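# Coordinate analysis (summary)
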Amino acid sequence: MSESGKIEAVIVAGARTPIGTAFKGTLRDTTAMELARVVLEEVQKRSGLEVSQIDDVILAESNYGGGDIARHAAVVAGMLQVPGQAVNRHCAGSLTAIGHAAASVIAGAERAVIAGGTQSTSTGPLQKFRTPGTVDEFTDKWMPPTHPDSAEAPNMDMSITVGWNTAREVGITREEMDAWALRSHERALAAIDSGAFADEIVPVQALQSDGSVVEFSTDEHPRRGSTAEKLASLKVLHPEIEDFSITAGNASGINDAAAAVAIVGSDLVAEAGLTPLATVKSWAATAVDPARTGLAVLDVIPKVLDRAGISIADVALWEINEAFASVPVAACKKLGIDESIVNTAGSGCSLGHPVAASGARMVVTLMNELRRRGGGYGVAAMCAGGGQAGAVVIEVPAPKD
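Let me begin by describing the structure that accompanies this report. Remember, predicted model here, so these are calculated numbers, not experimental data.

## Structural notes on the overall build of the chain
In terms of regular secondary structure, the chain is built from 10 helices and 14 strands. The C-alpha atoms of the chain give 20 Å as radius of gyration, which agrees with the globular expectation for 401 residues (21 Å, within 12%). Once the C-alpha set of the chain is aligned to its principal axes, its extents read approximately 65 × 50 × 45 Å. Within the chain, the fraction of its 401 residues that count as buried is 57%. In the chain, the share of contacts with a sequence separation of at least 24, taken over all contacts with a separation of at least 6, comes to 78%. Accessible area of the chain: about 16,100 Å², with a carbon and sulfur share of 51%. Treating the 32 positive side-chain charges of the chain as one cloud and the 48 negative ones as another, the clouds have centres 1 Å apart.

Next up, the structure:
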């Protein structure tokens, strides 16, 4: 319980899979359901909760054709009496799942919820869509769009809608974006090599195309040997657009992964003898014109900080997703955030962006790094399809003497 006697939302466990490179990586034949099962089982085990104590599972999913992967994973994990709920706020989906879980726990509606997200871009279904006004004209390889298509904000080309529009409005150069992307790779590789991710990653027994199974335990997307010169040599994605500066190097990867946390009421922490790792202090979502999607983080960050009753100066560590490098660069420039404490273990440009899982991955990484640094406030924020953004504030307690 808090000092005021109110129930708080406490994270007592968190885990993620290693992040695979979609279509050609180690997880290319592992479904979103299987990734969710692996994480769900691990988080339950780490939490110290009995299955009978878990009230719900909330998992984000994106472009997966409907269904309810959370319930599917719960059943396969042996949690037959635990319901499952699917949420979708595209990139920010698992931050929304964490917010929903925290709200439910604080309200006293639930006592323990596992929340996160899962993404298998490699195996996700592609749909057919009948063109309105026709009888039998169907498009192939169609995905539900997050907003109406327009020249200013194409709904199937985020390099323009998010990356380029953000860079152009804020005045961010390609050199700035490439420098951010390079540092992202350097930080991600440093974290991998130092073992910083060891406490958060649960290995996956990954089926391969030849029928064999390999243990996958290390993020595979960061590029070793990346240099400023190599990034500068990459062709822009739209050479027909004057001064276009978005490349594959300063954009996020296309990836597969799952991540989740266990959130319980502070009363249950004491009652069941659980170990508190962090407290969810606030959560928020915002929206802007879809053409300004990358700038939505500039709105959601002040909103979530205000709800937590803190300022930018109070934040010890940030995770601002690198959907494109222009997004965190813009946030640092416009909000006065110290870039040295943003994405200290890499982000989308290096680790990759498994869409529905990225928010929970950020929270898990943030929580673990804050614990190593002695605690404090951490913020995970990201833009999301259709002009949206989501954010979560956590607080990690300082270690006891």
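That shown, we press on.
## What to know about unusual backbone geometry
The backbone of Phe23 shows a phi angle near 75°, a positive value even though the residue is not glycine. One can find Phe23 in the loop between β2 (20–21) and α1 (32–47). For Phe23, a relative accessible area of 53% translates into the label exposed. Despite not being glycine, Asp243 shows a phi value in the positive range, around 65°. Taking the relative accessible area as the measure of exposure, Asp243 reaches 61% and is therefore exposed.

## Some details on the pattern of salt bridges
According to the stated counting rule, one finds 18 salt bridges in the structure shown. Close ionic contact of Asp219 with Arg16 constitutes a salt bridge, the shortest N to O distance being 2.8 Å. In this pair, Asp219 sits in the loop between β9 (213–216) and α6 (228–233) while Arg16 sits in strand β1 (residues 9–16), placing the two residues 203 residues apart along the sequence. Comparing Asp219 with Arg16, the two get one shared label, buried. Here Arg46 makes a salt bridge to Glu42, at a shortest N to O gap of 2.8 Å. Linking Arg46 with Glu42, this pair stays in helix α1, spanning four residues, or about one helical turn. Taken together, the shared-partner salt bridges connect Glu8, Lys281 and Glu395 into one network.

Criteria and thresholds
- Numbers given to residues run from 1 along each chain, matching the order in which its sequence is written.
- A pLDDT threshold of at least 70 governs which residues receive local features in this predicted model, and a stricter bar of 80 or more applies before side-chain atom pairs are shown or counted, although totals over entire chains, interfaces and linings include all residues.
- To get the side-chain values, take all heavy atoms of the structure and skip hydrogens and water.
- Secondary structure elements are defined from DSSP: runs of H or I of at least 4 residues count as helices, runs of E of at least 2 residues count as strands, and each element is numbered from the N terminus.
- Our radius of gyration is a C-alpha quantity, and the globule rule it is checked against amounts to 2.2 Å times the number of residues to the power 0.38.
- Between buried and exposed lies partly exposed: a residue is buried under 20% and exposed over 50% of the maximum accessible area for its type, with that area taken using a 1.4 Å probe on protein chains only.
- The contact criterion used is simple: two residues touch if any of their non-hydrogen atoms lie within 4.5 Å.
- Residue exposure ignores everything except the shown protein chains as possible cover, and the areas themselves are Shrake-Rupley values with a 1.4 Å probe.
- When charges are tallied, Lys and Arg are placed among the positive residues and Asp and Glu among the negative ones, while His and the ends of the chain are skipped.
- Taken as the charge centre is NZ of Lys, CZ of Arg, CG of Asp or CD of Glu, depending on the residue.
- Here a salt bridge means any side-chain nitrogen of Lys or Arg lying within 4 Å of a carboxyl oxygen belonging to Asp or Glu.

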